[in-house]
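Examination of the molecular architecture
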Amino acid sequence: MRTVPRRRRWTVKAPGAAEFVPADADLPQLRAAAAGCHGCALYIGASQTVFGAGPPDATLVLVGEQPGDQEDRQGRPFVGPAGRLLDRALAEAGIDRDTVYLTNAVKHFKFVERGKRRIHKQPGRTEIYACSPWLAAELRLVTPKLVVCLGAIAAKALLGPDFKVSERRGEVVSLAEYRVMATVHPSAVLRAPDYEQAYAAFLADLRRVCAEL
Ligand code: URA
Ligand code: SF4
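Residues numbered from 1 in each chain as written. Chains lettered and ligands numbered in written order. Predicted model: local features only at pLDDT ≥ 70, side-chain atom pairs only at ≥ 80, totals over all residues. Heavy atoms only, no water.

Per an unreviewed UniProt entry, the protein chain goes by Type-4 uracil-DNA glycosylase and derives from Nocardia arthritidis. Here the protein chain is described in UniProt, under the heading Sequence similarities (unreviewed entry), as follows: "Belongs to the uracil-DNA glycosylase (UDG) superfamily. Type 4 (UDGa) family." (UniProt positions renumbered as here; feature names shortened; annotations may be inferred.)

Quick look at the structure:
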């Protein structure tokens, strides 16, 4: 059996979301509290907190990176182009999106302005760390069987800063609370030079997810 390297923990010091996370809250209360989070500077430029969405008793949780432009406007995760690709792949893999709890490692949109456009900017480790109490609280309440990290940011948030999706994609890692698998981000599939191949590999990962449930 493959031995799983020990998880290195985040050690970044940042004010963070912890003081905004209410004790003994249910998911709606958590969502309401997250709307007022000032745990890092990202709330300043973004329109709203995009909290997780889906059934509170979902067996599968998918974790993305952060909301994009559309999500920031609409207030819901995965409603833009990456979400449409994800919807298609989930349907093809036989997973009903409505049964899945979808969320992000970072709950506010980080971007740079280019004229009228807002261009996605990857969150840094301070922001990932600052926002992690929300994700931890969501996972404590939903208690999924399996958590799937979509891309490197989600994987680093849950599996530690040294985790490399390129090396460990599709591997199921057992943590004390749940199992975790990492795959690529749907945006990476959209951008891939060989789209067909990238989509097929993403779909194969989601089929493995289906078999693990
Ligand atoms: N990309 C993400 O990682 N999350 C979203 O909600 C949308 C796009
Ligand atoms: Fe709070 Fe996370 Fe938003 Fe930062 S990104 S303000 S920690 S919800």
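There's more to say after this.
Let's shift gears to the site of ligand 2. Neighbouring residues of ligand 2: Cys37, Gly39, Cys40, Tyr43, Val106, Lys107, His108, Ala130, Cys131 and Trp134. One can see that ligand 2 is located within the largest cavity. By residue number, the principal contributor to the shell around ligand 2 is helix 5 (residues 125–142), which donates 3 residues. (Near = heavy atom within 4 Å. 1 Å grid on protein atoms, 1.4 Å probe; cavity = no way out; pocket = protein on both sides within 12 Å on 5 of 7 lines; lining within 4 Å. Sits in = over half its atoms within 2 Å of the grid points. Helix = DSSP H or I, 4+ residues; strand = E, 2+ residues; numbered from the N terminus.)

This part is about the pairing of strand 1 (residues 60–64). The two faces of a sheet get side chains in turn, since along a regular strand they alternate between them. Burial within strand 1 is extensive, with 5 of its 5 residues counted as buried. Pairing analysis gives 4 bridges linking strand 1 to strand 5 (residues 146–150), with the strands arranged parallel. Bridge pairing in strand 5 links Leu62 to Val148. When strand 1 meets strand 2 (residues 101–104), the two strands line up parallel, connected through 4 bridges. The residue bridging Val61 from the neighbouring strand is Tyr101, located in strand 2. (Buried < 20%, exposed > 50% of the residue type's maximum accessible area, 1.4 Å probe, protein only. Pairing = 2+ DSSP bridges.)

Moving on to empty space enclosed by the protein. Inspection of every chain in the model, using the stated rule, returns 1 cavity of 30 Å³ or more. Estimated volume of the largest cavity: approximately 100 Å³. Going through the elements one at a time, helix 2 (42–45) and helix 5 are the ones with two or more residues in the lining of the largest cavity. With 3 residues, helix 5 is the largest single contributor of residues to the lining of the largest cavity. When the residues that make up the lining of the largest cavity are grouped by side-chain class, the tally is 10 nonpolar, 3 polar and 1 charged. (Points joined across faces, edges and corners; volume = space filled by probe spheres on them. Nonpolar A, V, L, I, M, F, W, Y, C, P; charged D, E, K, R; others polar.)

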